[in-house]
Amino acid sequence: MFFNLAWRNSKRSRNENLIYFLTMVTAVAAFYIVLSLGAQDVIRFLSSLESDAVERLLTNLLPTVYVCALLFVFFLVVFANKYQLECRSRELGLYLMFGMTKTRLFTQIMTEGLITSLVALLGGLICGGFLSEVISLATARLVGHGVIAHQSSFSLSAVFFTILGFLIIQCVALFILCGKLFKKEVHQLLYGEMGKKQHTGSTHGSLLSLVIGTAVLLVAYWVVIEHFMTGGGVMLLVAVLLGIVGTILFIRGIARLLSIVAASNKRKATNGLYVFTLRQLHENVVYKYISISVASILMMLTIMFIANGSATIMSHGNELTRTSAVYDFTVMGEEQNVEQYLSDDQMRVYVANLNRMETGNMKRPASGEMKSFVDWSVLRKEIVQNLPEGVIDPATQEAASYEFGSHQPAALNLLGFIDTGSVSPYMLPVSSYNRLLEAAGEKQINLENDEAVFYLNPDFLEDEQEDTVALLDRIAENAQTSGNALISIDKKSVTLVPSVPMKGLTADENVKIVTALIVSDEIYHNYVDPDTCSVYWNFCIPNEIVEANGLMLSVMEARDLLKPSGLYYESYLDNFGRQLFYLISGSYMTLYMGFMLLIIACALLALQFLTQMQSTKSRYLTLSILGARREQIKRSIYKQVLWYFLLPLMLACISGTVGLYAMQQHLYSDSTRIGQSYPLLIIMAFTVVLIMAIYGVAVARTATREIGKINYKQKNWCRCYVMKILSRPVWSGCGFLIFHLEN
């Protein structure tokens, strides 16, 4: 009997409060997805490459995200259960009046909550398990389709901690709420507490709040844009506090505008319940402005998290493509040992385009007449002519500092390369670079002793590489046409050869050779400093093996053969895994937190609206007495829900845009990072709108279902006559009358 009653009550609660139940299912699914990350294919793959970093991710970052999400959901669970218990206040009072003890009633409520939680856990774990498999397959495709055998990402530990965390917050929330509930008298549960007259504030006070809130928000925007990192982040904290205060005051004050608009338009006084809708919305915002402000702040954080996560995906996604990389492996060690090991019967099957690449810095003159054998003055003069005005000091012809990146002019990047590495530049023999071009399928070059190529590492400037190389080629072509030499080595004129493909020198991205002079082998041996020489053995996996097994599996097999050699080696796979780890840790968590905060914000708005509607349900009965049709009341509710969600969203969009602009200016050195993310941002924005639309439709249907329980009065000639009188221009306060009938 007891269990049957608890089961029926929990089932009825799930049906009547579907928004809360679906939110709990979503929260459970989200918890499981983030906790099962360690069991996904991509993490298992990364563990073999970046085991330490992955271990830090799983042991430090994931628990922190999990605890933060639990705290957010805890407050949501407290409020949602509070709403449910308030709706059942009369029912609970009847239980007590019929003789049920408070202890037994508490046990029944906890049992109902436990049943609902178990059903939510079941649904959430099923959804989370399915989504986890989808995410695992999608991320595995980043590594290579068909390369890593898919394994189930089901995790018993993730299931355990999801159930444990969710049940703990549910039990604690119900324990707190039941304690407050049982402090009330039985008549308070049966008939509710005596209604307290609520004040919406004066017009002047509300408008003053709006003005002050707007001013505080503008100050916060100015601080975060102009003084983002001032004082070691202290000003950023000030901006956050000002933004919170400004948001609360702005939401509190803007509600008065709804009342002013309602009173200003006399012609629409009773048309479609115009006045009633605006005044009802005004009251909802005024009485719940703090909750709406919190939802707006959560939406702002959602916008920033999703934009940052999308930008991270796009920026690192570009790095995962092999645009300039040629070699799959770089090996270093004693030359005899390296050559012998790579020619072994087992190993040589995986070796193609073997290239012994030697590089070193140019030696300095023995005499003190010159600081360097290379004279860059002519090339530097040509570059300075392409600089925008005001970039360099006219007296010294030098920039105050050099900051490389796509946010700088191409000429300034090129000038920075010369000024920061011109004394002892790196040198490359043309024979080594020709073997690199051959491996890349490019045309080889012939260099005489009076010719050179100014090499720029294509992995250093990324998006600005094309413009910088184009500027260098244009200067070199003009010099060739006019017969001028741009540089000289040991006072001998040297012509720069343009239009040479720039490729990555090694598979090891830790080899930071940003610029170099590619010269003939004779010039290299004459001017290189032998104490600075380094030798890199580079090779590719043969095409037939790659076509048969795939690149990733082939690289992993070759890596397993190199492990027992004792040689230092770096593979394309290591660089790929490192970038993929940044992609996972940098975007997965931010997107997860963004959508988690969005769900919490939407659920908070939904439950707040339904709570306020529950306390004003009698007004809709008054409307039916006055002759309002059911369709009119439904349209009024739809409009209230629409603007109840749009109001915090619009302010969140403004604040989020300012926050993204500040992050773009102060945190991202790549100015095109956000621009590259527009396609993904559009998809994410559509997803956000879809989630909010689902919540809005669910709230509207729940509200209309609750109003539908009212015993609508049938329209007769008396009420029609009353409505005709009320529709005359002299009457514009239908909504005003309804709001004051209760007082």
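Higher on the page you've got the structure.
Residues numbered from 1 in each chain as written. Predicted model: local features only at pLDDT ≥ 70, side-chain atom pairs only at ≥ 80, totals over all residues. Heavy atoms only, no water.

With that settled, consider the overall build of the protein. Within the protein one finds 28 helices and 10 strands. Considering only contacts in the protein between residues 6 or more positions apart, those separated by 24 or more positions represent 84%. For the protein, the exposed surface amounts to about 35,800 Å²; the carbon and sulfur share of it is 60%. (Helix = DSSP H or I, 4+ residues; strand = E, 2+ residues; numbered from the N terminus. Contact = heavy atoms within 4.5 Å. Areas by Shrake-Rupley, 256 points an atom, 1.4 Å probe, with all protein chains shown as cover.)

Okay, the nonpolar core next. Counting 116 residues, the largest nonpolar core has Phe 31, Val 73, Ile 109, Tyr 592, Met 596, Phe 645 and Tyr 695 as its most contacted members. Among the elements that take part in this core, helix H22 (residues 572–615) stands out by supplying 21 residues, more than any other. When sequence neighbours within four positions are dropped, the list of residues in contact with Tyr 592 reads Ala 30, Phe 31, Val 34, Val 65 and Ala 69. If you look at the next biggest cluster of nonpolar residues, it comprises 58 residues, including Ala 411, Val 469, Leu 496 and Ile 513. (Core = buried A, V, L, I, M, F, W, Y, C linked by side-chain atoms within 4.5 Å. Buried < 20%, exposed > 50% of the residue type's maximum accessible area, 1.4 Å probe, protein only.)

Positive phi, normally seen in glycine, also occurs at Asn 353, with a value near 55°. Mapped onto the elements, Asn 353 comes out in strand E2 (residues 352–361). Since its relative accessible area comes to 38%, Asn 353 is described here as partly exposed. Even without being glycine, Ser 499 reaches a positive phi, approximately 60°. Checked against the element boundaries, Ser 499 lands in the loop between strand E7 (492–496) and strand E8 (515–519).

Attention now goes to the pattern of salt bridges. Within this structure, the stated rule accounts for 6 salt bridges. Notably, a salt bridge pairs Arg 619 with Glu 283, separated by 2.7 Å at the nearest N-O pair. Placement of the pair is Arg 619 in helix H23 (residues 617–626) and Glu 283 in helix H11 (residues 274–287), with a sequence separation of 336 residues. Exposure remark for Arg 619: the relative accessible area of 5% places this residue in the buried category. One salt bridge connects Asp 560 with Lys 563, and the closest N-O pair in it is separated by 3.7 Å. Overall, the relative accessible area of 49% leaves Lys 563 in the partly exposed class. One connected set of salt bridges, linked through shared partners, spans Glu 335, Arg 356 and Glu 358. (Salt bridge = Lys/Arg side-chain N within 4 Å of Asp/Glu carboxyl O.)

Quick look at the packing of H11 against H23 now. Across the interface, H11 lies against H23 with an axial gap of 13 Å and an inter-helix angle of 170°. Between H11 and H23, the interaxial angle falls into the category roughly antiparallel. Residue-level contacts link Phe 276, Gln 280 and Glu 283 of H11 to Arg 619, Tyr 620 and Leu 623 of H23. Taken together, the residues of the contact of H11 with H23 sort by class into 3 nonpolar, 1 polar and 2 charged. (Axes fitted to C-alpha atoms, helices over the stretch in contact; angles between N-to-C directions. Parallel < 35°, antiparallel > 145°, perpendicular 65-115°, else oblique. Nonpolar A, V, L, I, M, F, W, Y, C, P; charged D, E, K, R; others polar.)

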